[in-house]
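Overview (structure and organization)
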Amino acid sequence: MATTTLPDATGHFGEFGGMFVPETLMTPLEELSKAYDEARADPAFQAELDHLLGDYCGRPTPLYFAEHWTEKLGGAKIYLKREDLLHTGAHKINNAIGQILLAKRLGKTRIIAETGAGQHGVATATVCARFGMECVVYMGAVDMERQALNVARMRLMGAEVRAVTAGQATLKEAVNEAMRDWVASFEHTHYILGSALGSHPFPMMVRDFHRVIGVESRRQILEKEGRLPDLLVACVGGGSNAIGLFHPFLDDENVRMVGVEAGGDGIVPERHAARFQGGKLGVLQGTKTWLLANDDGQIELTHSVSAGLDYAAIGPEHAYLQNIGRVEYTYATDAETLAAFRELAEVEGILPALESAHAMAYVSKIAPSLPKDSILIANLSGRGDKDVEQAAKYLLGDDS
Ligand SMILES: *Cc1c(COP(=O)(O)O)cnc(C)c1O
């Protein structure tokens, strides 16, 4: 079985994880670890977090029985965990709200963050506005152009969005810039990292802030069905929504779990972002994990129709869970993802985020082969409003 007490004191999940950072970042990371350990045990911290998750973010999110999709696929009963109904439209606010409470506890007055598609940047700008903190979001110049709406959302809430033009001018370079800022600013600045990635304690802390997804799902399925599910499905970028759903079920050996990575145009170098398909063990941006690199160890380009899954490394706890065989990992291609996007829209009246649609593509594939009395929960990590233009272009041939 998986060890749910991990990581150890040095941030390791088996051989994965750790703290691969410049010496100068050890000070803020140790300060953060200590503050987090104290906060976790403090009922006042937990009470404030619960209050905000409820009244500000909209928790608990529904566990919705997708009756018509179930009927159409003709197999397992499909439940959707509706993280798409949260404030700002995705699970990311769970983590942003938890981390800003920690920042406040540490007496920090300024927040920095990185963002790819802009969803984590929006969640961070949102909580900064709510708590009256200065906010700087690093974003690749290429991503800023692709995600202009999210850039505007952040700016309207008072955040400064700084364009990063180095390298590919996307997420990886934005993370580098945020880390560089933090080295010079940590005395008054907290870095809200956006996924279960990076140096310890981030993978553990981000996971813990998202565990509420699995904790609620467990309670809700017991209420509705009187038993635990047979299968959990979630998409995996850095891995935060997936680990949030999976973690509270890891000790339940009859609950199968599948993580779905971005298969892009298929498993061809530089045309996908499925780290367990042809990836290797390495170190990137603070953590030892599975990543996409060439034979010289150079990080490879990645591609996905969904910007939120388009990253060369996977969170270290997923590398561990794959290694011990507790969680299975597969991928959905762009084409399969867009087909699932359309299916869910037409059958249930729900537009999923393209990230989440990867999980839906796997549901579409597997559900028909499962018995009718089996129960499946898929995490609908975000809503698809941000992806409407792109989906319309592919699915409707709409060039307007
Ligand atoms: C960012 C994002 C993801 C990918 O991030 P994880 O850390 O792997 O969860 C998935 N779904 C949505 C809607 C997102 O915005």
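Below or above, wherever it landed, is the structure these notes cover. (Residues numbered from 1 in each chain as written. Predicted model: local features only at pLDDT ≥ 70, side-chain atom pairs only at ≥ 80, totals over all residues. Heavy atoms only, no water.)

1. Some points on empty space enclosed by the protein
- Summed over all chains, the structure comprises two cavities of 30 Å³ or more.
- The calculated volume of the largest cavity comes to roughly 500 Å³.
- Along the wall of the largest cavity there are 38 residues; nearest its centre are Lys92, Gly194, Ser195, Gly238 and Gly308.
- At the level of elements, strand 5 (110-115), helix 5 (119-131), helix 8 (171-185), helix 11 (240-246) and helix 14 (354-366) are the ones that each hand at least two residues to the lining of the largest cavity.
- Classifying every residue of the lining of the largest cavity by side-chain character gives twelve nonpolar, 20 polar and six charged.
- The calculated volume of the second largest cavity comes to roughly 80 Å³.
- Partitioned by chemical class, the residues of the lining of the second largest cavity number eight nonpolar, four polar and no charged. (1 Å grid on protein atoms, 1.4 Å probe; cavity = no way out; pocket = protein on both sides within 12 Å on 5 of 7 lines; lining within 4 Å. Points joined across faces, edges and corners; volume = space filled by probe spheres on them. Helix = DSSP H or I, 4+ residues; strand = E, 2+ residues; numbered from the N terminus. Nonpolar A, V, L, I, M, F, W, Y, C, P; charged D, E, K, R; others polar.)

2. Some points on the sheet that holds strand 2 (residues 16-20)
- Spatially, 1-2-12-11 is the arrangement adopted by the four strands of the open sheet, whose pairing is antiparallel. In this open sheet, the two strands that pair with only one neighbour each are strand 1 (12-13) and strand 11 (280-284).
- Bridge count between strand 2 and strand 12 (residues 286-291): two bridges; the pairing is antiparallel. Paired with glycine 17 across the strands is lysine 288, a residue of strand 12. (Pairing = 2+ DSSP bridges.)

3. Some thoughts on the site of the ligand
- Close to the ligand lie 18 residues; Lys92, Ser195, Gly237, Ser240 and Ser381 are nearest.
- One of the backbone N or O atoms of glycine 237 is found 2.7 Å from an oxygen atom in the ligand.
- Contact distances for the ligand include 2.7 Å between an oxygen atom and a side-chain N or O atom of serine 240.
- Taking 380 Å² as the accessible area of the ligand by itself, protein coverage stands at 97%.
- Under a 2 Å grid-point criterion requiring more than half of the atoms, the pocket assigned to the ligand is the largest cavity.
- Of the residues contributing to the shell around the ligand, the split by class is five nonpolar, eleven polar and two charged. (Near = heavy atom within 4 Å. Polar contact = N/O pair within 3.5 Å; in protein donor to acceptor, adjacent residues only side chain to side chain. Areas by Shrake-Rupley, 256 points an atom, 1.4 Å probe, with all protein chains shown as cover. Sits in = over half its atoms within 2 Å of the grid points.)

4. So, the packing of helix 4 (residues 92-105) against helix 9 (residues 202-210)
- Between helix 4 and helix 9, whose axes approach to 8 Å, the crossing angle comes to 115°. For the pair helix 4 and helix 9, the sense of crossing is right-handed. Where helix 4 approaches helix 9, its residues Lys92, Asn94, Asn95, Gly98, Gln99 and Leu102 are matched on the opposing element by Phe202, Met205, Val206, Phe209 and His210.
- Looking at the contact of helix 4 with helix 9 residue by residue, the class counts come to five nonpolar, five polar and one charged. (Axes fitted to C-alpha atoms, helices over the stretch in contact; angles between N-to-C directions. Left-handed = near helix turned anticlockwise from the far one by under 90°. Contact = heavy atoms within 4.5 Å.)

5. Let's talk about the sheet that holds strand 9 (residues 231-235)
- Spatially, the six strands line up as an open sheet ordered 3-4-14-9-10-13, and their pairing is mixed. For this open sheet the edge positions go to strand 3 (63-65) and strand 13 (328-333), each flanked by a neighbour on one side alone. Neighbour to neighbour, the strand axes of the sheet diverge by 30° on average, direction disregarded.
- Note: strand 9 against strand 10 (residues 256-264), five bridges, orientation parallel.

6. Quick word on the environment of valine 388
- Counting through the fold element by element, valine 388 comes out in helix 15 (residues 388-396).
- Residue valine 388 is classed as partly exposed on the basis of its relative accessible area, which comes to 38%.
- Spatially, the C-alpha atoms of valine 388 and leucine 354 are 9.3 Å apart, while their sequence positions differ by 34 residues. (Buried < 20%, exposed > 50% of the residue type's maximum accessible area, 1.4 Å probe, protein only.)

7. A short note on the side chain of threonine 337
- Summarising the element assignment, threonine 337 is placed in helix 13 (residues 334-348).
- Relative accessible area serves as the criterion here: at 0%, threonine 337 is assigned to the buried category.
- At 3.3 Å, the side chain of threonine 337 forms a polar contact with the side chain of histidine 358.
- Once residues within four sequence positions are removed from consideration, threonine 337 is found in contact with Val305, Ala332, Leu354, Ala357, His358 and Ala361.

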